[in-house]
Amino acid sequence: MLGSARPGAAGLTPDASPPPPLKAESRDLSFHYGNGFKALNAITMPVHEHRVTALIGPSGCGKSTFLRCFNRMHDLYPGNRYEGAIVLHPDNTNLLADDVDPIEVRMRVSMVFQKPNPFPKSIYENVAYGLRVRGVTNKNHLDDKVEESLRGAALWDEVKQRLNEVGSNLSGGQQQRLCIARALATDPEILLFDEPTSALDPIATASIEELISELKKRVTILIVTHNMQQAARVSDYTAYMYLGELIEFDRTDTIFFKPGRKETEDYITGRFG
Amino acid sequence: MSYVAQTPEQIRGLIAKAKRRDVLFVALGVIALGIGFATFLALFLDMLLDGWGRLRPEFFTQFPSRRAAQAGILSAWVGTFLVMIVTAAVAVPLGVSAGIYLEEYAPKNWVTDVIEINITNLAGVPSIVYGLLALGLFVYAFGLGQSVQTAGLTLALLILPVVIVATREAIRAIPAMIREGAYAVGATRWQTVKDHIIPYSMPGILTGVIIGMSRAIGETAPIITIGALTFIAFLPPAPVGAEFPFLSFEWLKAPFTVMPIQMFNWTSRPDPAFHANAAAAGTILVFMTLAMNGLAIWLRYRLRKNIKW
Ligand SMILES: Nc1ncnc2c1ncn2[C@@H]1O[C@H](COP(=O)(O)OP(=O)(O)OP(=O)(O)O)[C@@H](O)[C@H]1O
Ligand SMILES: [Mg+2]
């Protein structure tokens, strides 16, 4: 089932052969919250390089939990426990290993949240922050990188005149693109999106979706979404999760047109629950 | 049939009834507020009128004197000012660090819980108890003397719980989202604290500090306990001098008096002319407190303007 491209699917990106190299792999990943609740159960799933992988499934099935394992966000709260591994290629590092510093992981795997969360600092400082924590102080380097990231997030033209204004003065969609720029500035290898458009209107949503399709040339993307059309539009691979289990993973066109499991089909066609 | 009002008349009746209660509550609120405010105003005006005749420039530049008409509050306000500097210099770093530690670093276990409960309780300990503690610890055990530094340390202890609680509350008001945003780009805990937690909680911390200070400025009991003088006709040595090294900390060791003690001293004299002095000093003390609170409001407004999520 994993990665098998079915012939006859509609002509969506990418080409059916051969499958792109792996960027990361989750191997038998289980996760326990501090209260003892087991939110993920033995998830094994590949993440292909320079592709968009969508995580879908009903509310509470563990999509956010799974996503937040990739940058060890769960380490911020006491009592949370991982089992299994998330291996990052090409260096074969297990992100979840005890001797791997979560800060190092977050330097390689960046994240954009459900609600835009710019810092109450200037637009410039928001984007530059990831570089500052890495010790970059050279003004020219910072300027270049800020511009490059804002361009990458399709926000440069709208804010270039007011880089010193507070980021929270921007519109919701602009704030979310600012957060994307902030995540891009540090050249992450993987970018995680947790329902990045759920707080945005359709126009802002469209611009973020367009941006995601553009960004995959540079980074590998994992995105949680509740919107089936969005998953179909932006992703190359889709994982369907249910109650902490990975039910099915395949190319997006396969998942949407010829799912292997009845549960997947029911969910996608809206016959779920 | 139905328990819910159905006809338009019934619905209007319900709304009218609810609105009458609304009006009633507003009226009660206004009365309560009025009582509090009128009491303060009456007391304050009475004091102001009593002391009015003494409120002139010399009052601030003269030392206390045996003759009421020549007595001033120079040593008292300078003493209050210096003691407040020591209090702030000690209470702010200690209280803010403790608050940050408890909120951001301390493991969430029963030890932390016990500390937390105790800090909250400390805020309710009568101030004279702090005075006794300071007398034993600072004056006798550490040999700091009956000095500005002892008074400053004592009042710092007194307001420490207020500063800690204000710091923690200000930190808790920062959304988890913002904190996660900082960690998500690879910030360490210290970087998150330094670049985000402290700046964003600063308005709340400052408010807490100033409220604590305006409590401390009027404290009399602990200061008397540690042995402040009630009659003092000289100033502590100046902190800045003309000769190298220009800075001097001798003032820390100087004997002192403060505004409320000066007032207390004057009110206990039989001569009514001294009572006018006490009223004038009281008026100034109230203005000092109001000014501090005004500063707190202004700072909070200024700093909050750019902090929103
Ligand atoms: N901090 C936590 N402590 C304990 N249980 C949690 C915690 N956060 C989430 N859970 C539980 O873990 C399960 C998965 O939650 P998660 O947030 O990953 O779901 P989700 O698929 O992202 O849902 P949604 O689509 O609504 O965002 C849920 O049953 C939830 O109740
Ligand atoms: Mg979620």
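Report on the accompanying structure. Please read all numbers here as calculations on a predicted model, not as lab measurements.

Parameters at a glance
Residues numbered from 1 in each chain as written. Chains lettered and ligands numbered in written order. Predicted model: local features only at pLDDT ≥ 70, side-chain atom pairs only at ≥ 80, totals over all residues. Heavy atoms only, no water. Buried < 20%, exposed > 50% of the residue type's maximum accessible area, 1.4 Å probe, protein only. Helix = DSSP H or I, 4+ residues; strand = E, 2+ residues; numbered from the N terminus. Pairing = 2+ DSSP bridges. Contact = heavy atoms within 4.5 Å. Buried area = accessible area lost by both parts, 1.4 Å probe. Salt bridge = Lys/Arg side-chain N within 4 Å of Asp/Glu carboxyl O. Polar contact = N/O pair within 3.5 Å; in protein donor to acceptor, adjacent residues only side chain to side chain. Axes fitted to C-alpha atoms, helices over the stretch in contact; angles between N-to-C directions. Parallel < 35°, antiparallel > 145°, perpendicular 65-115°, else oblique. Left-handed = near helix turned anticlockwise from the far one by under 90°. Near = heavy atom within 4 Å. Areas by Shrake-Rupley, 256 points an atom, 1.4 Å probe, with all protein chains shown as cover. Nonpolar A, V, L, I, M, F, W, Y, C, P; charged D, E, K, R; others polar.

1. Overview of the pairing of strand β1 (residues 22-32) of chain A
Residue and element names in this part refer to chain A.
- Across the 11 residues that make up β1, a large majority, eight, are buried.
- As judged from the seven bridges shared by β1 and strand β2 (residues 38-48), these two strands associate in the antiparallel manner. Considered in β2, the bridge of Leu22 is made with His48.
- Connecting β1 to the antiparallel partner β2 that follows it, the hairpin turn spans five residues, and Gly36 within it adopts a positive phi of roughly 95°.
- Where β1 lies against strand β4 (residues 81-88), seven bridges are found, and the strand directions are antiparallel. Residue pairing across strands places Glu25 opposite Val87, the latter belonging to β4.

2. Brief notes about the interface of chain B and chain A
- At the interface, 21 residues of chain B touch 27 residues of chain A.
- Around 2000 Å² of area is buried between chain B and chain A when both sides are counted, 62% of it from carbon and sulfur atoms.
- Of all residues in chain B, Met177, Glu180 and Val185 of chain B give up the largest surface area on contact with chain A, accounting jointly for 31% of the area buried on that side.
- Linking chain B to chain A there are one salt bridge.
- With its nearest N and O atoms 2.8 Å apart, the salt bridge here joins Glu180 of chain B to Arg68 of chain A.
- Between chain B and chain A we count nine residue pairs in polar contact (both at pLDDT 80 or more) in total.

3. With respect to the pattern of salt bridges
All names here are of chain A.
- This model, assessed by the stated rule, comprises 29 salt bridges over all chains.
- Across the pair Glu165 and Arg162 runs a salt bridge whose closest N-O atoms are separated by 3.2 Å.
- Note on Arg162: relative accessible area 25%, which makes it partly exposed.
- Put simply, Asp236 and Lys216 hold a salt bridge, and the shortest N to O gap is 3.1 Å. Residue Asp236 is found in the loop between α8 (228-234) and β9 (237-242), and its partner Lys216 is found in the loop between α7 (202-215) and β8 (220-224); the two are separated by 20 residues along the sequence.

4. Structural notes on the sheet that holds strand β5 (residues 93-94) of chain A
- Within the open sheet, the four strands sit side by side as β2-β1-β4-β5 (chain A). Their pairing is antiparallel. Taken across any chain shown, the strands that pair with only one partner, and hence form the sheet edges, are β2 and β5 of chain A.

5. What about the sheet that holds β8 of chain A?
Residues and elements named next belong to chain A.
- Spatial ordering of the open sheet is given by β6-β7-β8-β3-β9-β10, a layout of six strands whose pairing is mixed. With one partner strand each, in any of the chains shown, β6 (109-112) and β10 (245-251) form the two edges of the open sheet. Each adjacent strand pair in this sheet contributes to an overall mean axis angle of 20°, direction not counted.

6. Overview of the packing of helix α3 (residues 74-105) of chain B against helix α8 (residues 189-216) of chain B
All names here are of chain B.
- Close contact between α3 and α8 brings their axes to 9 Å; oriented N to C, the two are set at 135°. Judged by the inter-axis angle, α3 sits oblique to α8. Our pair here, α3 against α8, has a crossing hand that is right-handed. Residue-level inspection shows Met84, Thr87, Ala88, Val92, Val96, Ile100, Glu104 and Tyr105 of α3 in contact with α8, the latter providing Arg189, Trp190, Val193, Ile197, Ile198, Ile205, Val209, Met213 and Ala216.

7. Notes on the site of ligand 1
All names here are of chain A.
- Around ligand 1 lies a shell of 13 residues, among which Ser59, Lys63, Ser64, Thr65 and His226 are the nearest.
- In the environment of ligand 1, an oxygen atom lies 2.7 Å from a nitrogen or oxygen atom belonging to the side chain of Lys63.
- One of the side-chain nitrogen or oxygen atoms of His226 is found 2.5 Å away from an oxygen atom of ligand 1.
- Within the complex, 63% of the 630 Å² of free accessible area of ligand 1 lies under protein.
- Top contributing element to the shell around ligand 1 by residue count: helix α1 (residues 63-69), with three residues.
- For the shell around ligand 1, the per-class residue count stands at four nonpolar, seven polar and two charged.

Any functional reading would require information that these geometric values do not contain.
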